[in-house]
Number of protein chains: 2
Amino acid sequence: MKATWIWYPGDFEVWLGNKFNNRRTERGAMFPPFWKQDSHWPTVVFRSAYDLEHEEVIAVWTEGEFNFSLDGKLLSPLSAPESSFWYEESDFYEGYRIRIPAGCHRLAFKVWNQKTPPALYVEGATIKSCSDWEVTYEDKIWIDENGKAHGSGIFVPAASWNFNDPGNTPSQYSLRWREQKPVSQQEMPGGRLYDFGRETFGHLDFRKPSGSGIAYIYYGESREEALDRDHCETLDTVKISNGLVHQNPGSKAFRYVYIEMRGKADYLLAMYEEYAPFDPDKSGSFRCSDEELNRIWQVSARTLELTTQEFFMDGIKRDRWVWSGDAIQSYLMNFYLHFDTECVKRTIRQLRGKDPVTAHVNTIMDYSFYWIDSVFRYHSYTGDSKFVKEMYPRMVTLMDYILGRTDDEGMAVGKGDDWVFVDWTDFPMSRRGALCFEQMLLTRALLAMMVCAVRSRDSKGIQYYLQRAKELNEKVKATFWDNDQHAFVHAKEGETMNRQVTRFPNIMAILFGVADSQQKQDIAEYVLLNPDVPPITTPYMRFYELEAFCRLERYELVLHEIKEYWGGMLREGATSFWEKYDPSEEGAQHYAMYGRPYGKSLCHAWGASPLYLLGRYFLGVYPTKPGYEEYEVRPVLAGMEWMEGDVPTPFGKIHVSVTPHEVVVVSDGGSGKLFIDDKEVWIPSRQEVRLKR
Amino acid sequence: MKATWIWYPGDFEVWLGNKFNNRRTERGAMFPPFWKQDSHWPTVVFRSAYDLEHEEVIAVWTEGEFNFSLDGKLLSPLSAPESSFWYEESDFYEGYRIRIPAGCHRLAFKVWNQKTPPALYVEGATIKSCSDWEVTYEDKIWIDENGKAHGSGIFVPAASWNFNDPGNTPSQYSLRWREQKPVSQQEMPGGRLYDFGRETFGHLDFRKPSGSGIAYIYYGESREEALDRDHCETLDTVKISNGLVHQNPGSKAFRYVYIEMRGKADYLLAMYEEYAPFDPDKSGSFRCSDEELNRIWQVSARTLELTTQEFFMDGIKRDRWVWSGDAIQSYLMNFYLHFDTECVKRTIRQLRGKDPVTAHVNTIMDYSFYWIDSVFRYHSYTGDSKFVKEMYPRMVTLMDYILGRTDDEGMAVGKGDDWVFVDWTDFPMSRRGALCFEQMLLTRALLAMMVCAVRSRDSKGIQYYLQRAKELNEKVKATFWDNDQHAFVHAKEGETMNRQVTRFPNIMAILFGVADSQQKQDIAEYVLLNPDVPPITTPYMRFYELEAFCRLERYELVLHEIKEYWGGMLREGATSFWEKYDPSEEGAQHYAMYGRPYGKSLCHAWGASPLYLLGRYFLGVYPTKPGYEEYEVRPVLAGMEWMEGDVPTPFGKIHVSVTPHEVVVVSDGGSGKLFIDDKEVWIPSRQEVRLKR
């Protein structure tokens, strides 16, 4: 076993999240989020116990100032060099050295660091810091007047990741870089326009600088944006004097860069793309007979890769924050692409931050519900109960906050500054009162609480959340189902029903199993297939709508929609998928949003949903017991001549290959069932299953 | 009006408190507290609105990265130099410059700083940052897809102090320094012993260094401690090489220093005493015919001055943390010495830290009650309702925590890791179950909540806390008063009464008016004057005991006790007053505590209580309306031939001079009443009142 850096769970994410979110800029101005930012615990205690056969000398590195107690006794670092505890100032790589005698011993390090999370690395022959160690932010051990120690704080398992070297400290973490060069450049009247060929994210590199001047840099996801100095969303300056570049600009999202030079300086331009590494051998894939679908899958993958950074972010150009509603979709896509569980955990921790809860997650009510659901979803795909136990206390306090704001009927209503989002809509839709859509998300969140209560052995919680979920479910069905309109209607505002029919609650009624089978058919006919019900315009809610169609087994319709909507963006030249797409718009109209000509994100995580839809409903692979301990494969060609692909799992991959004549499944583990043409076949681990049709 | 640095209320104290508490060392090892340490909000928004007659250019300094919005629109700092927002990198004193047009404008600065509290300084012709500005840690302003802004966070008044210059930033705050030289030095076999003549606090200064070597420094509050290298509480090393001192040691408390030099180096030793400045013209004083009392008052003043630092601390040598039970006594003494209201506010804020409440203040149940009471006491002496309003939300969450841990009868019981302190006791005393003493403190805290609810206009709170206080008061009297023992007995443990009689609850019964007049007489006779009830051995609880005797008008007894107990320490050579004093001990026995030979603090804030007793009960001055708007003077000579002194108030001083023949009172403000020999005389502001007896 190797030693590794350890810290208080969630603190790395809270700290990194602030850095991450605050890197957002708007025309050069720093632009932090409008919700509360938290801090790591500045002072924590790490502890462990060892039974040593032999004396051993441990080396200690910390991020922060520290003290050390052996068996409850604080050791003095100012003892003479011949004593057990000393430090060679000259060589960081020596660390502090402490001699631990043979026998049973309790070790405790208290570390203080206001700026970055307190972290510890200890390495001895057998003593090694790792996630078996425990940590607390209040040890509560007090000494009475006679010198006797009392009390003990609540310790939790320490967090770690992959910082396995003393010099590779958590606070130095960054994404990886790879060089990219422009595919073309064009001299313009006032400057030079560079095209990097496709959407990218990273920082420019000014090479072979000469002369002196200031480069005014205008970034564009589109050519139009880069050339519009007054309205492009991101910009920068770089000063070159006497052939020296003062400071490279920060990371930005762009395809095009337009640079005007004031003064007399020249340079060659390249950039370093920043990316989160992944293992292609463990990643998902999809290929089929339809080249447009293949291209959609590839651009979706590119979109998700660009938005997979320190955290799953929504849009890489303008927004650059972590959003709960966007993130849960990224998690689901990710489970069919790179299965990056660490990034999922980081994002979940970052979004939740610390107690007390003073607002909904991202201030959005729906996003609190999605956040709770995301822990359940994570567990379904990974089977990682340890993480559920870590998050459960914060799930409880968030649910306390949510339930503390429900109305007399136990329904969630927007209060004060709560943002009730649902979706961006082009039609009038009130967000007042109890929205049916929100109650369905709350019911789902209550059920997620119940499942996580099981994993955390909170028997009172199991009963309580189940009861609340049942009651709310009954109330929702009784209140919002409209027999005349054959649909769940929009909202209850005080005593008044708002009988507007929108797609939102009806989609969720299908996905969350609220609708019975007759209601499902009604919803399909009267809502989802009804052109009079205003269409969904964001890929965000389209994700759920298309998933609902899959649940209704309208697979051909879904493939058609994917080709229309995502294919439409490709036909507009997209190299990554957009925040929103309206086929009726033309040219630069596509780039406008938020009242700004280039406000729309052209690389937005929620645009990558074909990754999920194709893996989950066409390759048809999904877990039926947490972590794919058991799973099902229900492939659907839906008009494709053939398809094949891989779905990543905790134990490796599940490969599926389908033609009208044959289905082949090979899995690296787990116990699966293949369903095809009313046949059901068991899929053993590591044995090819080949089924003729 | 001058501009001043502003920040989020309490954040300066939270951040400074961590630095302060973590400066404690134990034989060179850093020794942070065992309770939760919080952080400042890393990202906050400052805002203000101005109606400008003329355009003005403001200069902006921040601690942290920032952005600026004018009328809700974010300004770009990368605009060309001819635009309104620029920055001259070369000169910090220029700050950022922003041109604000004439007319009504809303200004908002968002500042991010992970390491030290985000702070802002803005100076223009009329626009100046000050505590009229508002601040929030979550502005909750979100922009919809059409670019429209929604929402608004909860803003509170910004905090400020005396950082009135851009270069004098809050994060650079330190105490002041003054040079002190040893009064004697003595060559010893292995080193050199320095005596600085009296207890002091500060850092050593190695002057005229020559040669090379390492100085091993052993500090002592006593000569014995400094010479005991293996057991002295604080020590240090200083490296001198080739006549250069590598780093001066950190601040310590000591009178003696013993230094052993390894190697061949020499130096001259001085020290810089660190102190909180005060205005002698606004300070309290006391002089009387008894020189021993005068010396006691002076050493008390020295003790309080040494323990008045960034915060009111308890002991300056070993402990160096901020403790709520100690601090409330410091506040009361301070109101009769320097009336340093800023240090009181800082200490109250620091002790409370941030939500969520995860433990009692300092983990001690009694200390939570004292903390709540301290806000009320502060208000009584200062009349500062603004501060009460600032603290009230945190009073409520702390009281929620307290009441969430009461038993079925609404009584406070120690749970889990709660530390139930009461006092250090030399006799067996259980801390289990519902202690009568703790219920009396809780009753008092509930009444303090009620008063602060009035100031904060929380009408529900007023009713609720009053009701809980009344109920608890009735229950305490019915449960704990023992007619046979004529005393409040110790505790109720489950269904069993613990009928031990101690002084603690009986003292509080008198101070908080729980006891009726017959009970008071009983308590005096059967408890306080009863030698069979174990005596109090700490100046901490002796503070309240002597105050109780004052309430019982046993003034001669109190003066006698002061001369015995505090006079006893003086006779042992004390230059500041101790954490604990047992007249029966001898020599170095006095220095032992906590199982360590020099564990006792020889300069402990709670040792300075004669400042309060003499000012409050002998000069007899105290406010009867908040902030001395009205006050009373009830002087008591109690055997002294004469006494005179000053009591500081928000408006200046109240001077009192008393002989058996005459009383003279002069007050700088307020409306007072002088009570003497059954006479009552009105004291107008700024007019001498001279009353012959």
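These figures come from a predicted structure and were not determined experimentally.

1. Structural notes on the relation of the copies chain B and chain A
Superposition of the two copies of the chain requires a rotation about an axis together with a shift along that axis.
Reasoning step 1: Superposing chain B onto chain A takes a rotation of 180° combined with a translation of 0.0 Å along the rotation axis, leaving an RMSD of 0.1 Å. On the angle and the small slide along the axis, the relation comes out as a two-fold axis. Minimal C-alpha distance to the rotation axis in chain B is attained by Lys 115 of chain B, lying at 2.2 Å.
Reasoning step 2: A share of 99% of interface residues in chain B that are also interface residues in chain A marks the association as one of identical surfaces.

2. Some words on the sheet that holds strand β11 (residues 134-136) of chain B
Residues and elements named next belong to chain B.
Reasoning step 1: Read across the open sheet, the six strands follow the order β6-β5-β9-β3-β11-β14; overall the sheet is antiparallel. Two strands close off the open sheet at either side, each with one partner strand: β6 (73-74) and β14 (156-157).
Reasoning step 2: Inspection of the sheet shows strand β5 (residues 65-70) paired to strand β9 (residues 103-112) by six bridges, in the antiparallel sense. Bridge pairing in β9 links Leu 70 to Leu 107.

3. Points about the side chain of Thr 382 of chain A
All names here are of chain A.
Reasoning step 1: Along the chain, the position of Thr 382 falls in helix α6 (residues 365-382).
Reasoning step 2: Separated by 2.7 Å, the side chain of Thr 382 and the backbone oxygen of Tyr 378 make a polar contact.
Reasoning step 3: Within the structure, the side chain of Thr 382 is placed 3.2 Å from the backbone nitrogen of Asp 384, a separation counted as a polar contact.
Reasoning step 4: If we skip the residues at most four places from it in the chain, Thr 382 touches Phe 335, Phe 339, Thr 341, Gly 627 and Pro 650.

4. As for the domain arrangement of chain A
Residues and elements named next belong to chain A.
Reasoning step 1: By the assigned domains, chain A splits into domain 1 (6-172), domain 2 (176-275), domain 3 (354-534) and domain 4 (619-692).
Reasoning step 2: On a C-alpha basis, the centres of domain 3 and domain 4 stand 32 Å from each other.
Reasoning step 3: Each partner contributes to the interface: domain 3 provides six residues, whereas domain 4 provides six residues.
Reasoning step 4: Between domain 3 and domain 4 the total buried area reaches about 410 Å² when both faces are included, carbon and sulfur atoms providing 64% of it.
Reasoning step 5: At the boundary of domain 3 with domain 4, the tally comes to zero salt bridges.
Reasoning step 6: Taken together, the connections running from domain 3 to domain 4 amount to one residue pair in polar contact (both at pLDDT 80 or more).
Reasoning step 7: Top contributing element to the side of domain 3 that touches domain 4 by residue count: α6, with four residues.
Reasoning step 8: In the side of domain 3 that touches domain 4, the residues fall into one nonpolar, four polar and one charged.

5. Details of the pattern of salt bridges
All names here are of chain A.
Reasoning step 1: If you walk through the whole model with that rule in mind, you get 100 salt bridges over all chains.
Reasoning step 2: Between Lys 110 and Asp 139 there is a salt bridge, with the nearest N and O atoms lying 3.5 Å from each other. Note that Lys 110 is positioned in strand β9 (residues 103-112) and Asp 139 in the loop between β11 (134-136) and β12 (142-143), a separation of 29 residues in sequence.
Reasoning step 3: Accessibility expressed as a relative area gives 7% for Lys 110, which makes it buried.

6. Overview of the interface of chain B and chain A
It is common to report an interface's size as the accessible area lost on association of the parts.
Reasoning step 1: With 70 residues of chain B at the interface, the matching set in chain A holds 69 residues.
Reasoning step 2: The tally of links between chain B and chain A comes to zero salt bridges.
Reasoning step 3: For the interface between chain B and chain A, the tally reads 22 residue pairs in polar contact (both at pLDDT 80 or more).
Reasoning step 4: Broken down by secondary-structure element, the contributors of at least two residues to the side of chain B that touches chain A are α1 (11-21), β2 (29-30), β5, β9, β12 (142-143) and β18 (235-241) of chain B.
Reasoning step 5: Considered class by class, the residues forming the side of chain B that touches chain A number 30 nonpolar, 20 polar and 20 charged.

7. Considering the confidence of the model for chain A
Reasoning step 1: The predicted model of chain A averages 95 in pLDDT, with 98% of residues at 70 or higher.
Reasoning step 2: Taken together, the chains of this predicted complex give a pTM of 0.95 and an interface ipTM of 0.94.

8. Side note on the pairing of strand β29 (residues 643-649) of chain A
It is a general feature of regular strands that their side chains alternate between the two faces of the sheet.
Residue and element names in this part refer to chain A.
Reasoning step 1: Counting buried residues along β29, six of its seven residues qualify, which places the element largely inside the surrounding structure.
Reasoning step 2: The sheet contact formed by strand β21 (residues 285-288) and β29 spans four bridges and is antiparallel. Looking across to β29, one finds that Arg 287 is bridged to Glu 644.
Reasoning step 3: The pairing of β29 with strand β30 (residues 652-658) spans seven bridges and is antiparallel. In the sheet register, Met 643 faces β30, and the bridge partner there is Val 658.
Reasoning step 4: Two successive antiparallel strands, β29 and β30, enclose a turn made up of two residues.

9. Some thoughts on unusual backbone geometry
Reasoning step 1: Pro 356 of chain A follows Asp 355 of chain A through a cis peptide bond whose omega is 0°.
Reasoning step 2: Along the polypeptide, Pro 356 of chain A turns up in the loop between α5 (341-352) and α6.
Reasoning step 3: In this model, His 486 of chain A sits at a positive phi of 55°, which is unusual for a non-glycine residue.
Reasoning step 4: Following the sequence through the fold, His 486 of chain A ends up in the loop between β23 (481-482) and β24 (487-488).
Reasoning step 5: One non-glycine residue with positive phi stands out, namely Asn 362 of chain B, at about 60°.
Reasoning step 6: Its location among the elements puts Asn 362 of chain B in the loop between α5 (341-352) and α6 (365-382).
Reasoning step 7: The class for Asn 362 of chain B is buried, based on a relative accessible area of 3%.

Rules used throughout
- Residues numbered from 1 in each chain as written.
- Chains lettered and ligands numbered in written order.
- Predicted model: local features only at pLDDT ≥ 70, side-chain atom pairs only at ≥ 80, totals over all residues.
- Heavy atoms only, no water.
- Least-squares fit on C-alpha atoms with pLDDT ≥ 70 in both.
- Contact = heavy atoms within 4.5 Å.
- Pairing = 2+ DSSP bridges.
- Helix = DSSP H or I, 4+ residues; strand = E, 2+ residues; numbered from the N terminus.
- Polar contact = N/O pair within 3.5 Å; in protein donor to acceptor, adjacent residues only side chain to side chain.
- Domains from an automatic or database assignment.
- Buried area = accessible area lost by both parts, 1.4 Å probe.
- Salt bridge = Lys/Arg side-chain N within 4 Å of Asp/Glu carboxyl O.
- Nonpolar A, V, L, I, M, F, W, Y, C, P; charged D, E, K, R; others polar.
- Buried < 20%, exposed > 50% of the residue type's maximum accessible area, 1.4 Å probe, protein only.
- pLDDT = per-residue confidence, 0-100.

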